[in-house]
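# Coordinate analysis (summary)
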Amino acid sequence: MTTQQQQTRFSLTGAELELFHEQGYIGPFDLYDADEMQANLQRLRPKLLDTRSAIYSGGKAVSGVTNLANYDRHLDVDFLAEHITRPEIVDRVSSILGPDTLCWRSEFFPKYPGDEGTDWHQADNFSNVAGSKHPQIVWPEDADFGGTITVWTAFTPATEDMGCLQFIPGSHKTMNYDESKTMTYDADSVNQVEKDGVRRGFFGYDYRQLQKDPNWKPDESKAVSQVMRQGQFIVFWSTLMHASHPHAGLTDQMRLGFAGRYLPTSVRVYPYSDSLEEFGGGASLAKFGNVLTSGTDTYQHNRFVDRTVNGFRFPTRDGEQR
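As a starting point, this report considers the structure included with it.

Conventions we followed
- Residues numbered from 1 in each chain as written.
- Predicted model: local features only at pLDDT ≥ 70, side-chain atom pairs only at ≥ 80, totals over all residues.
- Heavy atoms only, no water.
- Helix = DSSP H or I, 4+ residues; strand = E, 2+ residues; numbered from the N terminus.
- Rg over C-alpha atoms; globule rule 2.2 N^0.38 Å.
- Buried < 20%, exposed > 50% of the residue type's maximum accessible area, 1.4 Å probe, protein only.
- Contact = heavy atoms within 4.5 Å.
- Areas by Shrake-Rupley, 256 points an atom, 1.4 Å probe, with all protein chains shown as cover.
- Lys, Arg positive; Asp, Glu negative; His and termini not counted.
- Salt bridge = Lys/Arg side-chain N within 4 Å of Asp/Glu carboxyl O.
- Polar contact = N/O pair within 3.5 Å; in protein donor to acceptor, adjacent residues only side chain to side chain.
- Phe/Tyr/Trp six-rings, centres within 6.5 Å; stacked < 30°, edge-to-face > 60°.

Before going further, it helps to spend a moment on the overall build of the protein chain. In terms of helices and strands, the protein chain carries five helices and 18 strands. Relative to its length of 322 residues, the protein chain is compact, with a C-alpha radius of gyration of 19 Å against a globular reference of 20 Å. Taken over the C-alpha atoms alone, the protein chain extends approximately 50 × 45 × 45 Å along its principal axes. The buried share of the protein chain, taken over its 322 residues, is 52%. Considering only contacts in the protein chain between residues 6 or more positions apart, those separated by 24 or more positions represent 82%. Carbon and sulfur atoms form 47% of the exposed surface of the protein chain, whose accessible area is close to 14100 Å².

Right, dumping it as C-alpha cells:
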C-alpha cells in the first residue's frame, strides 16, 4: 500500500450514504485503470489455474458447475489479498458497517459467451446453498438486519451484452425468499430454461423454488443494469434483488467479476460448521480465516488469519469512525 493510499480516506459522503440506504447499492467507483486491470488479469490467470495452494481443493471441492477451489483465493493469491484490503474499498465499506470490519469470503463470477443470465435472488444468511442448511453468517440478536456487503469488481468489461449485473433499487429491505427451503439441482437445466423470455438459472438450480409466495414475481420494470468498465467496482447489500443478463456471445471475451464479502466483526461466520458445503460441493474449513479489514476485533468469536498462505500480510485500516 502506498503512502498516499494510507493517508487518503475514501469514505462515502453523507449524500452517498443516504443514497446507498435508499437504493441498496452505490457506485460504480474507479479502482484500476482499464489497461492496469487487464495487465493484472494477464498476470493473475496462471495463478488462478493453479489451485494447489488454494485452501479448498481436492475431494468434493468440484461438483457439477461448482468449484470451491476458486473460493477465497484472496487467502493464497497476493494480488487478491491486496485487492480486498484496498482503502478505496474498505473505507467505503466501513462507512456503512462501522469501523470494525472483516472480509469473510471472496468469489469469482465468470460468464462465458452463450452463458445464461443469473436468476433474480437475495441472500441473507447464505443457508440456501449450504448442504448442511446451517446459516453461514449470524448477526447479533439485536441487529435490525442481516446480509453481507458485497463489493463486485469488474475484472473485465461488464456490458449488457456480456452479462452485467442487474439490481432492483430499494428491494434490500424485504426478503422475498425463504433460505430454509431446498432447491433441486438439475444439471440438464443449465442454459436451457427461459424465464419471461430470458435465459436464466442459478448454477443448475432454480432460485424461484425459494420464493415465499410461489406466485410472486420480481418487478423487472424497475431493474437497472449495472454497466461497468474494466477496473470499476460497485457496493451492494446481498439482500438487494440482483441478477445478471445472459452473455449474448457477440464477443469471444468472457465477463469476469470478483466479489469480496464484508461484515462487521460482531457477526459470527460459519458458527455451526467445520466445512464449507455449497451447491453439492464440500471442503474443510481447517485453513479458513476471516481477514480483519479495518479496526479491531473485540468479540473474539471468529477465526482470523493475518497473512496469506504465501506469507503476505493483510493490511488493516485503522478503526477511525468515518
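Turning our attention to the side chain of Gln211. Mapped onto the secondary structure, Gln211 falls in the loop between strand E10 (198-201) and strand E11 (224-226). Taking relative accessible area as the criterion, Gln211 reaches 5% and is therefore assigned buried. With near-sequence residues (within four places) excluded, Gln211 lies in contact with Asn176, Tyr177, Lys181 and Trp216.

Now for the environment of Thr293. Take Thr293: it is sitting in strand E18 (residues 291-294). A relative accessible area of 0% places Thr293 in the buried class. Along the chain, Thr293 and Phe304 lie eleven residues apart, while their C-alpha atoms are 11 Å from each other. Here Thr293 is in contact with Ile84, Thr85, Val90, Thr101, Leu102, Cys103, Tyr262, Pro315, Thr316 and Arg317, once residues within four sequence places are set aside.

Structurally, Glu141 can be placed in the loop between strand E6 (137-138) and strand E7 (149-154). The exposed category is assigned to Glu141, whose relative accessible area is 85%. The spacing of Glu141 and Val267 is 126 residues in sequence and 9.9 Å in space, taken between C-alpha atoms.

If you trace the backbone, Asp115 turns up in the loop between strand E4 (101-111) and strand E5 (117-118). The charged side chain of Asp115 is buried without a salt bridge, its nearest counter-charge being Lys111 at 5.7 Å. Engagement of the side chain of Asp115 in a polar contact is seen with the backbone nitrogen of Tyr112, the distance being 2.8 Å. With residues near it in sequence (within four places) discarded, Asp115 still touches Pro110, Asn191, Arg199, Pro246 and His247.

Moving on, we come to the pattern of salt bridges. Side chains bearing opposite charge may pair, as long as their charged atoms lie close to each other. This structure, assessed with the given rule, holds 17 salt bridges. In this structure, Asp219 and Lys222 form a salt bridge, with 4.0 Å as the shortest nitrogen-oxygen distance. Here Asp219 falls in the partly exposed class, since its relative accessible area comes to 35%. Among the residues examined, Lys222 registers a relative accessible area of 53% and is labelled exposed. Across the salt bridge formed by Asp306 and Arg307, the nearest N and O atoms sit 3.0 Å from each other.

This paragraph deals with the environment of Ile26. Looking at the element boundaries, Ile26 is found in strand E1 (residues 25-30). Note on Ile26: relative accessible area 6%, which makes it buried. Apart from the residues within four sequence positions on either side, Ile26 is in contact with Leu12, Glu16, Leu19, Phe20, Ile234 and Val235.

With that settled, consider the packing of aromatic side chains. For the coordinates displayed, the defined rule picks out 18 aromatic pairs. Between Tyr25 and Phe167, the aromatic rings sit 4.9 Å apart at their centres with planes inclined by 50°, giving tilted as the arrangement. One end of the pair, Tyr25, is in strand E1; the other, Phe167, is in strand E8 (residues 165-167), with 142 residues separating them in the sequence. A relative accessible area of 7% places Tyr25 in the buried class. In this structure Phe167 comes out as buried when scored by relative accessible area, which is 0%. Judged by centre distance (5.8 Å) and plane angle (90°), the rings of Tyr177 and Trp216 are edge-to-face. Taken together, the residues Tyr177 in the loop between E8 and strand E9 (194-195) and Trp216 in the loop between E10 and E11 connect sequence positions 39 residues apart. Using a relative accessible area of 4% as the deciding quantity, one classes Tyr177 as buried. Residue class for Trp216 comes out partly exposed when judged on its relative accessible area of 24%. Put simply, the rings of Tyr32, Phe79, Phe108, Phe155 and Phe258 pair up and form one aromatic cluster.

Look at the link from Gly27 to Pro28: it is a cis peptide, with omega at 10°. You can see Pro28 is positioned in strand E1. Even without being a glycine, Tyr270 presents a positive backbone phi close to 50°. Relative to the elements of secondary structure, Tyr270 occurs in the loop between strand E15 (268-269) and strand E16 (275-278).

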